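Summary of the model geometry
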Amino acid sequence: MKRSLSVLAVLIAAAAAGGAWYLHGKQPQRSGDVALAHLQGPVSVRYDDRGVPHIQAQNQADLYRALGYVQAQDRLFQMEIMRRLARGELAEVLGPKLVPTDTLFRSLRIREQAEVYVARQDKQSPAWQALQAYLDGINQYQASHPRPLEFDVLGITPRPFTAQDTFSVAGYMAYSFAAAFRTEPLLTYVRDRLGPDYLKIFDLEWHPQGVLPLAASDWKSLDTVAQLSQQALTQAGLPQYEGSNAWAISGARTASGKPLLAGDPHIGFSVPAVWYEAQVSAPGFDLYGYHQPLNPFAALGQNMDFGWSLTMFQNDDLDLVAEKVNPANPNQVWYHGQWTDMQASTQQVAVKGEQPVTITLRRSPHGPIINDALGKVAPATPIAMWWSFLESQNPILEGFYEVNRADTLVKMRNAAAKIQSPGLNLMWANAKGDIGWWAAAQLPIRPAGVQPQFILDGSGPDADKLGFYPFSANPQEENPSRGFIVSANFQPLSSTGMAIPGYYNLADRGQQLFSQLDDPSVKWDARNTQALQLGNRTGYAERVLKPLLPVLREVVSDAQEKTLVEQLAQWHGDYPLGSTNATLFTQFLYELTYAAMHDKLGDALFDTLLTTRDLDSALPRLAADADSPWWGPAGRADIVKKAWRNSLTHLKSTLGDNPGQWQWGKAHTLTHGHPLGKQQPLDKLFNVGPFAAPGTHEVPDNLSAKLGPAPWHVSYGPSTRRIIDFADPAHALTINPVGQSGVLFDAHYSDQAKDYIEGKYRQALIQEGDVAKGTVSTLRLVPSRKSN
């Protein structure tokens with residue numbers, strides 16, 4: 001990075017000396033004519049005042065080729081860095097500190113599985129042909145234009161994008177859903193090292209005794225895996241998929257008499273934002289979509305006839321398996337009653353400024369070994385990973401191609417069945433009056449009694465998979481009699497009654513949305529739906545505080561402090577910018593967690609605990625259980641007193657002695673981080689923010705920060721907010737957290753960031769009249785002579 005900073009300093013100096021042409025050459029072109037090879041006819045790209053392209057083509061091949069071209073000129077570096085993360089190639093451009101991250105992602109076998117996915121594709125299918133045209137558009141742009149500024153800073157040599165890159169990014173998306181890496185080592189440690197009584201606060205079923213004979217060195221290895229898994233997703237400055245809200249309301253409950261659809265997927269904030277908005281139109285096809293890097297098909301979208309949103313299913317599709325090693329042969333494990341060889345291969349990880357690093361990757365019958373590549377000496381207990389992304393057929397490309405065209409319940413249901421990994425909830429509505437929801441995933445059949453929230457014993461049958469359940473067994477609803485459907489990452493129910501293991505979010509957010517949507521006195525429209533999306537109140541604080549307030553009243557003696565306690569007692573659990581109770585409660589929650597749990601877990605596992613969803617459900621149970629072993633010999637009152645004192649001390653040193661200064665907006669802020677903004681002084685150039693942020697973890701306006709000491713830096717939240725009333729779908733509402741463009745100094749780099757944090761919306765231009773009126777510039781793509 002020091003070398004990169006020097007390069008950047010030279011570039012800036014050159015620009016200041018009259019080299020503005022350098023930066024100008026990096027900017028997107030949104031007007032004029034551009035010749036593009038392989039086009040069958042001219043394509044019109046009209047840009048609105050948010051920088052959203054509205055693409056009109058004469059056929060779908062030209063449409064997707066144009067989409068690739070215009071998305072590349074706004075997001076080429078995002079495409080590059082995401083494929084490098086997914087394929088384990090970051091160290092080549094970011095240096096040796098990224099070797100562990102590259103090692104982890106290569107251990108996941110995403111690269112190899114992408115090759116398998118490509119080989120499975122029907123090369124004559126419309127979905128494959130669309131992908132090839134889209135990638136050709138990206139590659140034509142890259143080959144004909146100056147490299148992005150980030151490429152120059154990091155010394156990246158452009159290379160063509162391929163279908164393997166597209167499927168690798170799909171693998172990254174699936175991996176970012178997988179909470180098992182963080183949760184299973186933690187819960188297994190608690191069970192086997194601390195004892196089953198310590199598990200009671202986690203609201204889990206558990207084995208009364210530990211079953212895995214893991215050595216101390218193995219726990220250290222698993223700590224490393226858990227931490228690296230989290231760091232790989234956060235330190236790279238790329239979006240992580242966390243949760244979401246979505247609901248569909250039938251016309252019987254809306255003011256207009258037509259269905260209303262709302263959605264706001266919760267994803268890590270980044271510059272640029274994860275979604276690229278574009279309207280794509282060709283004869284027989286029109287869609288306003290929200291696209292991910294390197295995927296031609298919208299993950300969210302609508303037209304005048306139908307629309308959909310998504311949330312994360314949170315099903316457990318990844319198991320960690322502890323293998324039993326042959327004492328006489330460390331390359332064999334016990335599997336189905338006999339010693340079985342593990343497969344081994346070596347790979348070279350390119351490292352910027354250094355010699356390549358050779359890593360050895362092993363694979364057992366259960367899956368890739370994910371912990372022995374993290375050190376020079378293989379651990380005593382190899383931990384294998386069974387992951388549905390590696391095991392299912394997963395025709396996800398065809399699935400999303402069909403989703404983009406699913407204007408009926410039957411079409412959407414059939415498309416959802418083809419999305420097998422990662423697990424997604426698809427929320428859908430159409431103008432004819434239908435609403436529906438499908439949990440899209442291929443759910444593994446595990447042996448009876450197996451608890452996959454713990455590391456499984458590979459020497460017996462617990463780690464076996466008996467196949468997959470049929471899609472008909474997945475949770476789903478179509479036109480329910482209650483008149484609405486809500487999805488908010490809580491555990492869903494299957495019509496079969498089967499258990500669906502997963503790392504689900506607290507039910508509070510979903511219950512709150514359900515309760516409000518179920519109010520028969522309310523007729524829903526765009527205005528009150530906005531208020532619902534932007535809600536910042538939760539009953540969680542009340543549940544935690546209720547059993548602790550009597551303790552606080554007993555242990556707090558100072559008059560001013562007693563006033564603060566009583567203010568918390570009267571607090572309604574809302575998180576507006578001016579709230580001081582929100583700040584005090586959040587600090588107290590962290591100090592309580594630290595005082596009760598840190599010493600028993602140690603630094604690494606405690607830090608892992610703070611990133612898990614299980615902590616959310618554990619803390620109210622811990623607060624209510626005066627006899628929990630987590631309180632230790634001193635008891636609950638002593639821990640509560642200590643946490644209170646530490647909270648006040650920290651807030652006074654951080655925000656000032658006067659509690660009136662402890663406003664939530666001062667302590668809770670959002671900065672949209674660029675991958676290069678991790679390094680000073682590049683943060684001042686590439687990052688966007690900070691902004692005072694309302695909301696908090698697990699309220700509808702889910703602007704979430706990791707639990708820790710103040711100040712809190714929001715890491716994820718609504719990646720867009722969308723509202724579609726199908727009485728007037730042409731005036732759907734939307735917002736981007738930052739801006740359309742990932743090109744520094746472009747007008748649309750951060751032009752929506754202020755509106756977003758203030759809870760404002762913009763109209764999505766969909767009908768021809770609105771698009772024509774809202775066009776600020778037009779780019780015309782024409783066939784090059786080589787195409788003729």
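Keep in mind the model is a prediction, meaning the values are calculated, not measured.

1. Focus: the overall build of the chain
If you tally the helices and strands in the chain, you get 26 helices and 30 strands. Scaling as 2.2 N^0.38, a compact globule of 788 residues should have a C-alpha radius of gyration of about 28 Å, and the chain matches this with 26 Å. Principal-axis analysis of the C-alpha atoms gives the chain an extent of 80 × 70 × 65 Å. Pairs at least 24 apart in sequence give 71% of the contacts found in the chain among residues at least 6 apart. Counting every atom, the chain has about 28600 Å² of accessible surface; 51% of that belongs to carbon and sulfur. Averaged over its 68 positive side-chain charges, the chain has a centre that lies 4 Å from the centre of its 76 negative ones.

2. A short note on the environment of N489
Here N489 is to be found in the loop between β22 (484–487) and α15 (508–517). Distance from N489 to Y504, taken between C-alpha atoms, is 5.9 Å for residues 15 residues apart in sequence. Polar side-chain contacts of N489 include one of 2.9 Å to the backbone oxygen of M312. Side-chain polar atoms of N489 contact the side chain of R509, separated by 2.9 Å.

3. Concerning the sheet that holds strand β11 (residues 325–326)
The strand order across the open sheet built from three strands is β11-β12-β13, with neighbouring strands paired in antiparallel fashion. The open sheet has two edge strands with one neighbour each: β11 and β13 (338–341). In this structure, β11 lies alongside strand β12 (residues 329–335), joined through two bridges in antiparallel fashion. Among the inter-strand pairings, N326 is bridged to a residue of β12, identified as N329.

4. Observations concerning empty space enclosed by the protein
Gaps left between atoms show up when a probe the size of a water molecule is rolled over them. Counted under the stated rule, the structure contains six cavities of 30 Å³ or more. Taken as a whole, the largest cavity encloses approximately 200 Å³ of empty space. Together, 23 residues line the largest cavity, and K26, P148, L149, E150 and V743 are the ones closest to its centre. Elements that contribute at least two residues to the lining of the largest cavity include exactly α3 (60–87) and α8 (149–154). When residues in the lining of the largest cavity are grouped by element, the largest group, seven residues, is from α3. Its residues placed into classes, the lining of the largest cavity shows 13 nonpolar, five polar and five charged. Estimated volume of the second largest cavity: approximately 160 Å³. T166, F167, V169, A170, M173, Q292, P293, N295, A299, I396, L397 and F400 together form the lining of the second largest cavity. When contributions to the lining of the second largest cavity are tallied by element, the ones reaching two or more residues are α9 (163–177) and α13 (396–403). Broken down by element, the residue count for the lining of the second largest cavity peaks at five residues, all from α9. A per-class count over the lining of the second largest cavity returns nine nonpolar, three polar and no charged.

5. Quick word on the pairing of strand β30 (residues 777–783)
In this structure, strand β1 (residues 32–36) lies alongside β30, joined through five bridges in parallel fashion. Paired with V34 across the bridge in β30 is L781. Pairing of strand β2 (residues 43–47) with β30, which is carried by five bridges, proceeds in the antiparallel orientation. Counted as the bridge partner of Y47 is S777 from β30.

6. Some remarks on the pattern of salt bridges
Counting across every chain of the model gives 36 salt bridges. Residue R83 is joined to D165 by a salt bridge in which the shortest nitrogen-to-oxygen separation is 2.8 Å. Here R83, found in helix α3, pairs with D165, found in helix α9; they are 82 residues apart in sequence, far enough to count as distant. The exposure class assigned to R83 is buried, which follows from its relative accessible area of 0%. The buried category is assigned to D165, whose relative accessible area is 4%.

7. Examining the nonpolar core
If you look at the biggest cluster of nonpolar residues, it comprises 159 residues, and the most contacted ones within it are Y64, I138, W308, M385, W387, L426 and L781. Examining the composition of this core, we find that 14 residues originate from one element, α3, more than from any other. Once residues within four sequence positions are removed from consideration, L781 is found in contact with V34, L36, L39, G41, P42, V43, V45, A66 and Y69. Counting 62 residues, the second-largest nonpolar core is a separate cluster that includes L506, V544, V565 and L589.

8. A few points about the confidence of the model for the chain
Chain-level pLDDT for the chain is 92 on average; 92% of the residues reach the 70-or-more range. Long-range and interchain partners of residues 206–214, a stretch whose pLDDT sits below 50, account for 29 contacts in this model, where long-range means more than four residues apart.

9. Structural notes on the packing of aromatic side chains
A complete count under the given rule lists 23 aromatic pairs for this structure. Ring geometry for Y64 against F297: centres 5.5 Å apart, planes inclined by 85°, an arrangement best described as edge-to-face. Here the residue Y64 occupies a position in helix α3, and F297 occupies one in the loop between β7 (285–291) and β8 (300–302), the gap between them amounting to 233 residues. For Y64, a relative accessible area of 1% translates into the label buried. Between W571 and F585, the aromatic rings sit 5.6 Å apart at their centres with planes inclined by 50°, giving tilted as the arrangement. With W571 in the loop between α19 (559–570) and α20 (581–609) and F585 in helix α20, this residue pair connects regions lying 14 residues apart in the sequence. Pair check on accessibility: W571 and F585 agree, each one buried. These aromatic residues form a ring-pair network of at least three members: W571, Y575, F585, W664 and W712. The ring of W334 has K324 lying over it, and the distance from NZ or CZ to the ring centre is 6.0 Å. Above the plane of the ring of Y401 lies R405, whose end atom (NZ or CZ) is 3.7 Å from the centre.

10. Details of the environment of F167
Looking at the element boundaries, F167 is found in helix α9. Between the C-alpha atom of F167 and that of A344, which follows or precedes it by 177 residues, the distance is 24 Å. Excluding residues within four positions of it along the chain, F167 makes contact with A114, Y117, V118, Q121, F389, I396 and L397.

11. Some words on the side chain of T538
Structurally, the position occupied by T538 is in the loop between α16 (526–533) and α17 (540–545). Within the local environment of T538, its side chain forms a polar contact with the backbone nitrogen of Y540, the two atoms lying 3.0 Å apart.

12. Details of the sheet that holds strand β3 (residues 53–56)
The mixed open sheet is built from 11 strands, whose spatial order is β1-β30-β2-β3-β6-β7-β8-β9-β18-β19-β21. Looking at strand neighbours, the two that pair on one side only are β1 and β21 (476–478), the edges of this open sheet. Sheet twist, expressed as the average angle between the axes of neighbouring strands with direction ignored, equals 20°. In this sheet, β21 lies alongside strand β19 (residues 435–440) in antiparallel orientation, the contact comprising three bridges. Looking at β21, one finds that W437 is bridged to E477. Here helix α14 (residues 409–416) sits on the sheet and contacts β9 (306–312), β18 (424–430), β19 and β21; the angle it forms with β19, its principal contact strand, is near 10°.

13. Overview of α9
The first and last C-alpha atoms of α9 sit 22 Å apart over 15 residues, in line with the 21 Å expected at 1.5 Å per residue. Of all 15 residues that make up α9, 15 are buried, and the element is covered over most of its length.

14. Observations regarding α3
Over its 28 residues, α3 extends only 29 Å from the first C-alpha to the last, a length that falls short of the 40 Å expected when each residue adds 1.5 Å. Along α3, the largest kink reaches about 85° and is centred on R75. Buried residues dominate α3, accounting for 26 of its 28 residues. The N-terminus of α3 is capped by N59, whose side-chain oxygen sits 3.2 Å from the backbone nitrogen of A61.

Calculation rules
- Note that residues are indexed from 1 along each chain, following the sequence as it is written.
- Per-residue local features are limited, in this predicted model, to residues with pLDDT of at least 70; the limit for side-chain atom pairs, both in listing and counting, is 80 or more; totals at the level of whole chains, interfaces and linings are taken over all residues.
- As a rule here, side-chain values come from all non-hydrogen atoms in the structure, and water together with hydrogens is ignored.
- Only DSSP runs of H or I reaching four residues or more are called helices, and only runs of E reaching two or more are called strands; each is numbered from the N terminus.
- Atoms considered for the radius of gyration are the C-alpha atoms alone. The globule rule reads 2.2 Å times the number of residues to the power 0.38.
- Here, two residues are considered to be in contact whenever any of their heavy atoms come within 4.5 Å of each other.
- All accessibility values rest on the Shrake-Rupley procedure with a 1.4 Å probe; residue burial counts only the protein chains present in the view.
- Working convention for charge: Lys and Arg count positive, Asp and Glu count negative, and His plus the chain ends are omitted.
- Where a charge sits is defined by one atom per residue type, namely NZ (Lys), CZ (Arg), CG (Asp) or CD (Glu).
- Two N or O atoms count as a polar contact when they lie within 3.5 Å, although within protein this holds only if one can serve as hydrogen donor and the other as acceptor, and sequence-adjacent residues are included solely when both atoms are side-chain atoms.
- One requirement defines pairing of two strands: DSSP has to find at least two bridges between them.
- In this analysis a 1.4 Å probe is tested at points of a 1 Å grid over the protein atoms alone, and where it fits but cannot get out there is a cavity; an open set with protein on both sides within 12 Å along at least five of seven lines is a pocket; lining residues have an atom within 4 Å of a point.
- Grid points are joined across faces, edges and corners, and a volume is the space filled by probe spheres set on the points.
- When residues are sorted by character, Ala, Val, Leu, Ile, Met, Phe, Trp, Tyr, Cys and Pro go into the nonpolar class, Asp, Glu, Lys and Arg into the charged class, and all the rest, Gly among them, into the polar class.
- Salt bridge, as applied in this entry: a Lys or Arg side-chain nitrogen positioned within 4 Å of an Asp or Glu carboxyl oxygen.
- Summary of the burial criterion: residues with accessible area below 20% of their type's maximum are buried, those above 50% are exposed, and those between are partly exposed, where the area comes from a 1.4 Å probe applied to protein chains only.
- What we call a nonpolar core is a set of buried Ala, Val, Leu, Ile, Met, Phe, Trp, Tyr and Cys residues that are connected through their side-chain atoms within 4.5 Å.
- pLDDT expresses how confident the predictor is about each individual residue, on a scale running from 0 to 100.
- Paired rings are identified among Phe, Tyr and Trp, the last through its six-membered ring, by centres lying within 6.5 Å, and are further divided according to the angle between planes into stacked (under 30 degrees), edge-to-face (over 60) and tilted (the rest).
- For a lysine, the NZ atom is tested; for an arginine, the CZ atom; a charge sits over a ring if that atom is within 6 Å of the ring centre and within 35 degrees of the ring normal.
- Note on definitions: angles span 0 to 180 degrees between N-to-C directions of axes, and those axes are lines fitted to C-alpha atoms, for helices only across the stretch in contact.
- Given the number of residues in a helix, its expected span is that number minus one, multiplied by 1.5 Å.
- Bend angle per residue: angle between axes fitted to the 7 residues ending at that residue and the 7 residues starting there.

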